[in-house]
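Results of the structural survey
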Amino acid sequence: MKRLQNLLLILLGNTIYCLAVVMFILPNQLITGGTTGLGLFFNHSFSIPVEYTVGIFNIIMFLLGALILGIPFALTTLISTFYYPIILGVLQKIPTLQNMTTDPMLSSVMGGIMIGFGIGIVIRAGASTGGIDIPPLILNKKFRIPVSVTLYALDFTILILQMFYTNKEKVLYGIFMVLTYTIVLDRILLMGKSQTQVKIISKEYEKINCAIQTNLDRGTTLLHMESGYLHKDSFAILTIVSSRELNKLNEIVMGIDKNAFMIINQVNEVHGHGFTTEKLHL
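So, here is what we can say about the structure in this document. (Residues numbered from 1 in each chain as written. Predicted model: local features only at pLDDT ≥ 70, side-chain atom pairs only at ≥ 80, totals over all residues. Heavy atoms only, no water.)

Focus: the pattern of salt bridges
Which entries qualify depends on this criterion: In what follows, salt bridge is the name for a side-chain nitrogen of Lys or Arg lying within 4 Å of a carboxyl oxygen of Asp or Glu. Throughout this description, buried means an accessible area under 20% of the type-specific maximum (1.4 Å probe, protein chains only), exposed means over 50%, and partly exposed covers the range between.
Inspection of every chain in the model, using the stated rule, returns two salt bridges. With a shortest N-O distance of 3.8 Å, E204 and K207 are connected by a salt bridge. The class of E204 is partly exposed, set by a relative accessible area of 31%. Residue classification places K207 among the exposed positions, given a relative accessible area of 55%.

Written out as C-alpha cells, the structure is:
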C-alpha cells in the first residue's frame, strides 16, 4: 500500500507540474530554469540541439542519483521520466487549458505555486522529476543543504545565462516564478514535519513536568539552570509538541503556575521516538 501510495503521488505531482506548463508557461512564453533552460543556453552558445543537452544531462543525473541515492530512487525517477512527456502531450491537446490568462505576472505566480507543489509531492514520495532536481537531493543527503536552496541557486543561474540572448522582462518573470516555486516547495517538504519547541521556567517544574507527561503524553527533558539575578539553582522543562497541542500545553502550565515563564519557537524537523519512530513507554 505504501508503494502504491508513493506511485500515485509521483503521478499526481508530475500531472500538476504539466498543468502549470500547459496552462501558464507555454501560452505566455515564459521561461524557467531546469534542464530545458540549460539546453536553450547550450543551443544558443554552441549550436547543440536542445534535446541532446537535455538527454545527456538527464542520463548523467539519473546514473548519479542511482549511485548515491540508491536503485529504488532511480526506479521511481524513471516513472517521472516517462510519464511527464506523455501527460504533457495529452494536456496540450485540451484547448480550454491554454486559455486561462494572458497576464504574465499572474501566470508566473500560479505557475510557480503549481510547480512547487508538484515537485514537492514527488520528492516527498521519495522520487524526483529527474534532471535538475537530482543534484539538490544529493547535496541534501550528503551535506543537509535544503533542497529548495540548491534548486533555487541552480535555476537562478540558468535563468541568468538566458538573459544574454532573450527578452530581459521574461527573464525577470522567470526569476520571480523560480522564487515562488522554491518557497512553495520548501513549505511542502516541511509540511507535517515542523513542531513547536517549548521551554518552561517555573518553581512548580515538578508538577508541570508530570502533567505534560500524563495529560499530553509528551516526553520532557529537565535542564539544570541557575537564575541570573538571585543565582538560585533550578530546572527548566524542555518539550516538543505539535501546533495543535500548544494551546493545551499553555492551559496545563498556566493552571499550575500563572507566573511560569515560557519560551516558544518553531523547529523545522524533529527526529526520534514519538515523531519519526514509534513512541516508547517504559
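Some points on the sheet that holds strand β4 (residues 261-267)
Stated precisely, the cut-off is as follows: If DSSP finds at least two bridges between two strands, the strands pair. Numbering goes from the N terminus for both helices and strands, where a helix is a DSSP run of H or I of at least four residues and a strand is a run of E of at least two. Lines fitted to C-alpha atoms define the axes here, with helix axes fitted over just the stretch in contact, and angles between the N-to-C directions of these axes take values from 0 to 180 degrees. Whether two residues are in contact is decided by their heavy atoms: any pair within 4.5 Å suffices.
Strand order in the open sheet formed by four strands is β2-β3-β1-β4, with antiparallel pairing between adjacent strands. Strand pairing shows two members of the sheet lacking a second neighbour, β2 (220-226) and β4, which therefore form its edges. On average, adjacent strands in this sheet sit at an angle of 25° to one another, irrespective of strand direction. On the sheet, helix α9 (residues 205-216) packs against β1 (195-201), β2 and β3 (233-241) and is oriented at approximately 20° with respect to β3.

As for the environment of V21
You can see V21 is positioned in helix α1 (residues 2-25). Overall, V21 belongs to the buried group, its relative accessible area being 10%. When the C-alpha positions of V21 and G126 are compared, they lie 23 Å apart, and in sequence the two are 105 residues distant. Sequence-distant contacts of V21, that is, excluding residues within four places in its chain, are made with L26, P27, Y84 and L88.

Comments concerning helix α6 (residues 134-143)
Listed in full, the buried residues belonging to α6 are I134, P135, P136, L137 and I138. Remark: R144 follows α6 within two positions and exhibits a positive phi of approximately 60°.

Here's the deal with the nonpolar core
Condition: Joining through side-chain atoms within 4.5 Å is the link that ties buried Ala, Val, Leu, Ile, Met, Phe, Trp, Tyr and Cys residues into a set, and such a set is a nonpolar core.
Core analysis: the largest hydrophobic core is formed by 40 residues, its most contacted members being I115, I123 and L185. Dropping the residues within four chain positions of it, I115 is found in contact with Y17, A20, I25 and Y181. If you look at the next biggest cluster of nonpolar residues, it comprises 14 residues, including V198, Y205, I212 and L216.

Structural notes on the side chain of D155
Where we set the bar: Charge counting treats Lys and Arg as positive and Asp and Glu as negative, with His and both chain ends excluded.
For D155, the location among the structural elements is in helix α7 (residues 147-162). For the buried D155, which has no salt bridge, the nearest side chain bearing the opposite charge is R187, at an N-O separation of 17 Å. The contacts of D155, once residues within four sequence positions are left out, are G33, G34, I132, V178 and Y181.

Looking at a nonpolar patch on the surface
Stated formally: Patches draw on residues past 30% relative accessible area with no salt bridge. Two like charges within 9 Å are joined, as are two nonpolar side chains (Val, Leu, Ile, Met, Phe, Trp, Tyr) within 5 Å. Only the protein chains shown count as cover for residues, and all accessible areas are computed by the Shrake-Rupley method using a 1.4 Å probe.
Where nonpolar side chains cluster on the molecular surface, the patch consists of F46, I48, Y52, I56 and I60 and spans about 520 Å² of accessible area. For the nonpolar patch, the element with the most residues is helix α3 (residues 50-69), which contributes three residues. If you trace the backbone, I56 turns up in helix α3. Relative accessible area serves as the criterion here: at 51%, I56 is assigned to the exposed category.

Let's talk about helix α2 (residues 34-46)
Owing to its 3.6 residues per turn, the α-helix brings residues three or four apart onto one side. Convention followed: To estimate the expected span of a helix, subtract one from its residue number and multiply by 1.5 Å.
Under the 1.5 Å per step criterion, the end-to-end length of α2 is 18 Å for 13 residues, consistent within 8% with the ideal 18 Å. Of the positions making up α2, those classed as buried are G34, T35, G37, L38, G39 and F41. Phi turns positive, to about 60°, at S47, one or two residues after α2.

What to know about the pairing of β2
Looking at chain direction, β2 and β3 are connected through seven bridges and run antiparallel. Pairing of H224 across the sheet is with F235, part of β3. Linkage of β2 to β3, two consecutive antiparallel strands, is achieved through a turn of six residues, within which H231 is found at a positive phi near 55°.

A short note on the packing of aromatic side chains
Any aromatic ring pair is given by two values, namely how distant the centres are and how the planes are angled relative to each other. The test is simple: Ring pairs shown here join Phe, Tyr and Trp side chains whose ring centres sit within 6.5 Å, with only the six-membered ring taken for Trp; geometry is labelled stacked below 30 degrees between planes, edge-to-face above 60, and tilted in between.
Overall, the coordinates contain three aromatic pairs when judged by the stated rule. Seen from their ring centres, F41 and F42 are 5.6 Å apart, and the 75° between their planes marks the pair as edge-to-face. Taking the relative accessible area as the measure of exposure, F41 reaches 17% and is therefore buried. A residue is classified by how much of its surface remains accessible, and F42, at 28% relative accessible area, is partly exposed. The rings of F41, F42 and F46 are connected pair by pair, giving a single aromatic cluster.

Details of unusual backbone geometry
Its identity is not glycine, yet S47 carries a phi of approximately 60°, on the positive side. Checked against the element boundaries, S47 lands in the loop between α2 and α3. For S47, a relative accessible area of 61% gives the class exposed.

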